[in-house]
Amino acid sequence: MRKLILLSSFLFTFLISAQNKQVLYDFAQLPQTLLLNPAVDFQGKFHIGVPGLSQLSFHAGFTGFSAYDLLADNKVSINDKIKDIYNSFGKSEFLSFNQQMELLNIGIRLRDNSYVSVGYYQELDVLFKFPKDLVDLFYDGNTVLNRRYSIAKLAGQAELLGVFHVGISRKVNEFTRFGMRAKIYSSVASVSTKRNTGEFYTVKGTDNIYKQHLSNIDVLLETAGIQLPDDVEADQSYLKSQFLFGGNLGIGLDLGFTYQPKEQWELTGSLQDLGFIYYTKNVESHRLRGTYALEGFQLDFDPNTPDTYWNDLKDNFEKRVKKDSIMSNFMNFRPLKLNGSITYSFGRKRHDDCTFINRIIPYSNKIGAHLFSRLNVVHSYIAATLFYERRFGNSLSTKITYTADPFSYANVGLGISARAGAFNIYAIADNLLGLRNVYNMQSANVQLGMNFIFGAY
Amino acid sequence: MIVSPTKITYFFLLVLCFACTKSIDTDQLDDASFESTYLFTLVHLSLKAPKFLDEFNQEIPVTSDMVKVPDLDDLSPYLKRAEFTVETENSFNRNFTLNIFFYDINKKLIYTLKPVIIVPAKSGKLSHILTIPENEIKVLDKTHYFGMNISLWHSTSGKLIKATDPSEFILKSSLKLVVNLNKA
């Protein structure tokens, strides 16, 4: 086997799939909103995304500190800034990155007013969470006796994959729509470590001054598609085949609903990526587990005995803390995302003379609240958003959001979708208040795309 | 109409107008520095009378041992100071001198840790701190072996150690390595 480090930058780009697309959620003028809630009544009869350009999405964030916290050109010394950052570090912080590129997105409204959409996108999704204990160990050292440094919160997950999906949004009665989207995941490369346990600590010894412990260490690193056989080249054709169902496969499901109890009120909810990937190809995992205590070398001052202290210690350590390489298959659940919203529409109703099918007629204004939650063994969090959406005829729609999430309690986002004939272009960005000082931003979210939308209303 | 497209456009432009950066200084990273101290347990021993006697029950004036030490290559650029703590207890009625040496890969002596420790006869727990200062810390880069000599002082009373002597010489030790991340 030849070690091939595939996409090393992807491994070391410490990053979560934040994936809270709060501006895009329930933005019914855009077909991409169907990926967040398959039940949404997309306001068109047919759409096709511009291949490769229908959605480019980027998110990056770090909850710990910003570049400005560290590098601000002020009179505070760099070492005081480092100390302040260290002191403000939470019990665990995470770095995240998510990138998606949609290559195919097509949808059509059926005669029964259902909307069917099909697509394919590539995704890079990375999360790394690290505990304060390790920062303490790095910054302060280990001179505090009985202080336990735990790796329990050390976790990370990185995945490069392609996702094929097909979904339907179906009206079940006058007030309710249900939606479902089936997904096939094809993972190109995956690295994950989670549910780690173990502590390191130093106590007063009996035979020596100190006794140092590694207690209940259990660290598992699972990889797939990283170490490739000798005869495999990670070239373009290889990557293409891996993205298109040649990788490690998985299945998933999105579910959603919209419910309109009164004409101007709407409740929505969705569940994304209820699924898993089962890794069978190019898998290699490494596990370290055991318990070890050390009081140092006991010198015997025997001139007839050769010096084997260090080798004896290594042998003893390896007996007690086992390192295994595992080639067996494994499974990872996809990060599950939950969305829920309540909205109130008002303002001038738009004329809909050209629409002969029964549907909710859009109002010009919409306000609402949106909750997002991401559930994953690596890290889970929640975000809350208030939003105002404004339509200007058929040609322009805007949405402004205010979100509190782990990166910021004042994240203002803006989305604009414009149409000229069937051509639609949109741009979405959040954390706009952070633009006052880009270096001080702890997260950013951008989505851009172009579609052709026919029969938009 | 509550908000017009013109107002939206103005708002968007206003936001973009405010998009800016406050001044940062990346050069200050050159001055970044913080010290961490790492504690390691080291050697310990408990020597009884027979260790100081040969097969003819004659006193051995110097007894020694040597330990191969792990490479400190990863830490080496950051090392600022090394501080050894040695605790001794001596129930023999004789003084001992304790020398700690560092040897290179060919077991050639390259450094003697100072001061030399004198352990008085019938002494209880004594603690000694020996430091390798910053200007000598690079010696650890070349160190492959760590040796210890224990020298038994001549008896002033003429009374020699016997194999049945229940006395004990106990030594415990630890190492504090002070690292500075600006030293790389």
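Residues numbered from 1 in each chain as written. Chains lettered and ligands numbered in written order. Predicted model: local features only at pLDDT ≥ 70, side-chain atom pairs only at ≥ 80, totals over all residues. Heavy atoms only, no water.

Novice: Mind showing me how you'd approach the overall build of chain B here?
Specialist: Scanning chain B from terminus to terminus reveals 2 helices and 9 strands. Listing each helix as α and each strand as β along chain B from the N terminus yields α-β-β-β-β-β-β-β-α-β-β. Per-residue burial over chain B gives 43% buried out of 184 residues. Counting only carbon and sulfur atoms, one obtains 56% of the accessible surface of chain B, whose full area is about 10100 Å². (Helix = DSSP H or I, 4+ residues; strand = E, 2+ residues; numbered from the N terminus. Buried < 20%, exposed > 50% of the residue type's maximum accessible area, 1.4 Å probe, protein only. Areas by Shrake-Rupley, 256 points an atom, 1.4 Å probe, with all protein chains shown as cover.)

Novice: Hey, could you run me through the side chain of Asn142 of chain A in this one?
Specialist: Structurally, Asn142 of chain A is set in the loop between helix H4 (132-140) and strand S5 (149-150). Here Asn142 of chain A is in contact with Leu137, Tyr149, Phe200, Thr202 and Gln212 of chain A together with Thr37, Tyr38 and Leu39 of chain B, once residues within four sequence places are set aside. (Contact = heavy atoms within 4.5 Å.)

Novice: Help me understand the interface of chain B and chain A, please; the structure alone is not making it clear to me.
Specialist: Facing 54 residues of chain B, the contacting portion of chain A comprises 53 residues. When the two sides are added together, the surface that chain B and chain A hide from each other amounts to roughly 4800 Å², 66% of it contributed by carbon and sulfur. Sorting the residues of chain B by area buried against chain A places Leu39, Thr41 and His44 of chain B first, and these three jointly supply 15% of that buried surface. Between chain B and chain A we count 0 salt bridges in total. Where chain B meets chain A, there are 29 residue pairs in polar contact (both at pLDDT 80 or more). Contributions of two or more residues to the side of chain B that touches chain A are made by helix H1 (5-18), strand S1 (35-48), strand S2 (62-68), strand S3 (79-90), strand S8 (145-152) and strand S9 (168-180) of chain B. No other element matches the 12 residues that S1 of chain B contributes to the side of chain B that touches chain A. (Buried area = accessible area lost by both parts, 1.4 Å probe. Salt bridge = Lys/Arg side-chain N within 4 Å of Asp/Glu carboxyl O. Polar contact = N/O pair within 3.5 Å; in protein donor to acceptor, adjacent residues only side chain to side chain.)

Novice: Would you explain the pairing of strand S1 (residues 46-49) of chain A in this entry?
Specialist: Two faces make up the sheet, and in a regular strand the side chains alternate between them. All names here are of chain A. Side-chain alternation along S1 places His47 and Gly49 on a buried face and Phe46 and Ile48 on a face that remains uncovered. Bridge count for S1 against strand S3 (residues 92-109) is 3 bridges, and the pairing is antiparallel. Paired with Phe46 across the bridge in S3 is Ile108. The pairing of S1 with strand S21 (residues 443-454) spans 4 bridges and is antiparallel. Residue pairing for S21: His47 is matched across the bridge by Ile453. (Pairing = 2+ DSSP bridges.)

Novice: How should I be thinking about the packing of aromatic side chains in this particular structure?
Specialist: According to the stated counting rule, one finds 31 aromatic pairs over all chains in the structure shown. Consider the rings of Phe62 of chain A and Phe65 of chain A, whose centres lie 5.1 Å apart with planes at 80°: the pair is edge-to-face. A relative accessible area of 11% places Phe62 of chain A in the buried class. Between the aromatic rings of Phe52 of chain B and Phe96 of chain B, the centroid separation amounts to 5.0 Å while the plane-to-plane angle is 45°, which identifies the pairing as tilted. Note that Phe52 of chain B is positioned in the loop between S1 and S2 and Phe96 of chain B in strand S4 (residues 96-103), a separation of 44 residues in sequence. What links up through ring pairs into an aromatic cluster is the set Phe62, Phe65, Phe89, Phe128 and Phe130 of chain A. Seen from the ring of Tyr86 of chain A, Lys132 of chain A lies directly overhead, with NZ or CZ sitting 4.8 Å from the centre. Above the ring of Tyr185 of chain A, the side-chain terminus of Arg334 of chain A is found at 5.1 Å from the ring centroid. (Phe/Tyr/Trp six-rings, centres within 6.5 Å; stacked < 30°, edge-to-face > 60°. Lys NZ or Arg CZ within 6 Å of the ring centre and 35° of its normal.)

Novice: I tried to follow the side chain of Asn365 of chain A on my own but got confused; where do I start?
Specialist: Take Asn365 of chain A: it is sitting in strand S16 (residues 363-375). A distance of 2.5 Å separates the side chain of Asn365 of chain A from the side chain of Tyr388 of chain A, its partner in a polar contact.

Novice: Explain a nonpolar patch on the surface to me, please; I cannot follow it from the model alone.
Specialist: All names here are of chain A. A cluster of nonpolar side chains, namely Val172, Phe175, Phe178, Phe257, Tyr259, Trp265, Leu267 and Ile342, defines an oily patch on the protein surface of about 690 Å² accessible area. Those elements that provide at least two residues to the nonpolar patch are strand S10 (248-262) and strand S11 (265-279). Relative to the elements of secondary structure, Trp265 occurs in strand S11. Overall, the relative accessible area of 38% leaves Trp265 in the partly exposed class. (Patch = residues over 30% accessible without salt bridge, like charges linked within 9 Å, V, L, I, M, F, W, Y side chains within 5 Å.)

Novice: Would you mind going over empty space enclosed by the protein with me for this structure?
Specialist: In this approach, a probe sized like a water molecule rolls over the atoms, and the result shows the empty space that is left. Residue and element names in this part refer to chain A. There is about 100 Å³ of room inside the second largest cavity. What lines the second largest cavity is a set of 11 residues, among which Lys21, Leu36, Gln100, Tyr121 and Gln272 lie closest to the centre. Taken together, the elements giving at least two residues each to the lining of the second largest cavity come down to strand S4 (115-131) and S11. In terms of residue class, the lining of the second largest cavity is built from 3 nonpolar, 3 polar and 5 charged. (1 Å grid on protein atoms, 1.4 Å probe; cavity = no way out; pocket = protein on both sides within 12 Å on 5 of 7 lines; lining within 4 Å. Points joined across faces, edges and corners; volume = space filled by probe spheres on them. Nonpolar A, V, L, I, M, F, W, Y, C, P; charged D, E, K, R; others polar.)

Novice: Please clarify how the layout of surface pockets should be interpreted in this entry.
Specialist: Its boundaries defined by the atoms lining it, the largest pocket holds a volume of some 990 Å³. Every residue lining the largest pocket is counted, 32 residues in all, and those nearest its centre are Leu294 and Trp310 of chain A together with Phe40, Thr41 and Pro70 of chain B. Secondary-structure elements contributing two or more residues to the lining of the largest pocket are strand S9 (210-224), strand S12 (283-294) and helix H6 (309-320) of chain A together with S1, S2 and S9 of chain B. It is S1 of chain B that contributes the most residues to the lining of the largest pocket, 6 residues altogether.

Novice: Could you clarify how one ought to interpret the packing of helix H3 (residues 78-88) of chain A against H4 of chain A in this entry?
Specialist: Residue and element names in this part refer to chain A. One way to put it is that H3 packs onto H4 with a least axis distance of 10 Å and a crossing angle of 150°. Considered as vectors, H3 and H4 are oriented roughly antiparallel to each other. Like other packed secondary-structure pairs, H3 and H4 cross with a definite hand, here left-handed. Note on element contacts: H4 touches H3 through Lys132, Val135, Asp136, Tyr139 and Asp140, opposite Ile82, Lys83 and Tyr86. (Axes fitted to C-alpha atoms, helices over the stretch in contact; angles between N-to-C directions. Parallel < 35°, antiparallel > 145°, perpendicular 65-115°, else oblique. Left-handed = near helix turned anticlockwise from the far one by under 90°.)

Novice: Would you explain the environment of Asn37 of chain A in this entry?
Specialist: Residues and elements named next belong to chain A. By the element assignment, Asn37 lies in the loop between helix H1 (8-12) and S1. Separated by 253 residues in the primary sequence, Asn37 and Gly290 have C-alpha atoms spaced 45 Å apart. If we skip the residues at most four places from it in the chain, Asn37 touches Tyr25, Gly256, Phe257, Thr258, Thr268, Gly269 and Ser270. Polar contacts involving the side chain of Asn37 include one to the side chain of Tyr25, which spans 3.3 Å.

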